[in-house]
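# Summary of structural features
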Amino acid sequence: MKQLKINKYYFLLKNWWETMDLTNYEKRTLNREIISFNQQIYRLKEKKIRIGAYGKSGVGKSSVLNSLFNKNMFKTNIINGSTREIQAEEYTLKDQTLKSIELLDSPGFDFCNIKSPEKIYSRINHSDLILFVVAGDINRNEISEISAFIKDGKKIIIVLNKIDLLKKEDLKEIIENIKLKLPKDLNIPIIINNENNIRNYLANIVSQYGEILLILNSLQLADKLFLKIKEERLKKRQKLAQSTIGKFSTIKASTVALNPLILFDIAGSFALDTALINELSKIYGLNLKGESTRKIFKNISINNLFLGVSQVGINTSFNLIKKVFLLTAPFTNGISLLPYVPIAIIQAAIAIHSTKILGKLAAKEIFIRSKFSHMDPFILIQNITFKEPDIFNHINIYLSKRNLNNNFVSFLP
Ligand SMILES: Nc1nc2c(ncn2[C@@H]2O[C@H](COP(=O)(O)OP(=O)(O)OP(=O)(O)O)[C@@H](O)[C@H]2O)c(=O)[nH]1
Ligand SMILES: [Mg+2]
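Cut-off values and rules
- Residues numbered from 1 in each chain as written.
- Chains lettered and ligands numbered in written order.
- Predicted model: local features only at pLDDT ≥ 70, side-chain atom pairs only at ≥ 80, totals over all residues.
- Heavy atoms only, no water.
- Helix = DSSP H or I, 4+ residues; strand = E, 2+ residues; numbered from the N terminus.
- Buried < 20%, exposed > 50% of the residue type's maximum accessible area, 1.4 Å probe, protein only.
- Contact = heavy atoms within 4.5 Å.
- Salt bridge = Lys/Arg side-chain N within 4 Å of Asp/Glu carboxyl O.
- Pairing = 2+ DSSP bridges.
- Axes fitted to C-alpha atoms, helices over the stretch in contact; angles between N-to-C directions.
- Core = buried A, V, L, I, M, F, W, Y, C linked by side-chain atoms within 4.5 Å.

So, on to the side chain of S82. As for its placement among the helices and strands, S82 is situated in the loop between α4 (61-68) and β2 (87-92). Accessibility expressed as a relative area gives 18% for S82, which makes it buried. Apart from residues lying up to four places away in sequence, S82 is in contact with K75, T76 and N77.

In structure tokens form, the structure reads like this:
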């Protein structure tokens, strides 16, 4: 049953990825993220959970990992900086759905000689579960690293190490103090490294929730990658949309400027607007039939359009005319507005202004309609988490932090 679940998500994600159809440019710009995602998918297929240790230097990260399997896999030293690079070791599991645990040891995040701390953070951030090792009360740097993992939606466990150096009566107070500094609603576990505490705790987590943690992390990585891809695509479309809107306002402005005595040609103007909406729909990959263009028109508030028009139209002071000159200059493609009476300029300005507003509003309407139709990892995450207990609070944080629409409005023209 459980076996099926992990396979199901592997095939869903694999299939999703194969239908993504990235351009070479996208592959190049997102190279690092794609590699990480592929590694994650591989671990999902092979049922290998990854647990990463992170913390200040010398707190005992390597020692804690060694104690998990009673094996000296990672180098330890009394001198800080005994771990200089990420080290990985694999441990095979028997009689479980998961085949193995990959342990990642990391250098202290505050160690002065590490080359690129971001890379180390990022490697650990790709773990399915993070052991944040501390030795005593936590300081500001530790809190900020913990918050970063939480914001990234990671499952973390605080391991309180070196308790033999503490007085027994201080231990309780230290734990209380750490708790005070952690976000209250998340219930981050603080586990004391004492005898077999950590090992028992992790054995329990891995056997009960190992698969779902691996699945969730894979979905989260897919979701983050998908957001990046969408962002890249929207940025590209934004440029195209902007230049299309610019072109249409130029056409409109120049027809108006060439016929300064004829007031707005309503029919011609409507035809141009419709053509603009159709062009924008093509850019956003939406196939519009006649009916839906009308719907888009309907949804764009007429008030919004006229507000812009009246702002330009009412005030005809000389200053405004000068401003209008500057405004229209880049769009009139060498057609000089100078010989004409100010009315032509104002008409041209109105044409430009209203076309731009129309374009912006239409792009938003089109974007809302053009939501990517195929499977979205985000939907899969939403569907899993709400059925699961307290231990998945971190996913709720992830979901609430990730506000899709707010992210994307800024990439519209
Ligand atoms: N007293 C005591 N010493 C410990 C404990 N755990 C680790 N140590 C010692 O602390 C020192 C540092 O331990 P490491 O495991 O190398 O620490 P680390 O966090 O991996 O250090 P870096 O890799 O240098 O960042 C070593 O001398 C360990 O023997 C503990 O629980 N109690
Ligand atoms: Mg170490």
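Evaluated as defined, the whole model comprises 10 salt bridges. Salt-bridge contacts for K14 lead to E18; the nearest nitrogen and oxygen are separated by 3.7 Å. In this pair, K14 and E18 both sit in helix α1 (residues 2-18), 4 residues apart, roughly one turn of the helix. Residue classification places K14 among the partly exposed residues on the basis of a relative accessible area of 31%.

Turning to the sheet that holds strand β1 (residues 48-55), a few remarks are in order. Reading across from one edge, β2-β3-β1-β4-β5-β6 is the order of the 6 strands in this open sheet, with mixed pairing throughout. Edge strands, defined here as strands with exactly one partner in the open sheet, are β2 and β6 (190-192). Sheet twist, expressed as the average angle between the axes of neighbouring strands with direction ignored, equals 25°. Of the strand pairs in this sheet, β1 and strand β4 (residues 129-134) are connected by 5 bridges, and their pairing is parallel. Residue pairing for β4: I51 is matched across the bridge by L129. Sitting on the sheet, α4 is in contact with β1, β3 (100-105), β4 and β5 (156-160), with an inclination near 160° to β3. Those strands touched by helix α7 (residues 168-181) are β4, β5 and β6, and its axis lies near 155° from that of β6.

With that out of the way, let us pick up the nonpolar core. Ranked by size, the top nonpolar core spans 58 residues in total, and within it W17 and L103 carry the most contacts. Here this core takes 16 residues from helix α8 (residues 197-258), the largest share from any one element. Discounting residues that sit within four places of it in the chain, W17 has contacts with L22, I34, F37, N38, L225 and I229. Ranked by size, the runner-up nonpolar core spans 30 residues in total, among them I114, I158, I174 and L186.

Okay, the pairing of β1 next. Within β1, 8 of the 8 residues are buried, which leaves it mostly tucked inside the rest of the structure. Neither face of β1 is open: one carries K48, R50, G52 and Y54, the other I49, I51, A53 and G55, and all of them are buried. Judged from the 5 bridges that link them, β1 and β3 form a sheet pairing that is parallel. Among the inter-strand pairings, I51 is bridged to a residue of β3, identified as L103.

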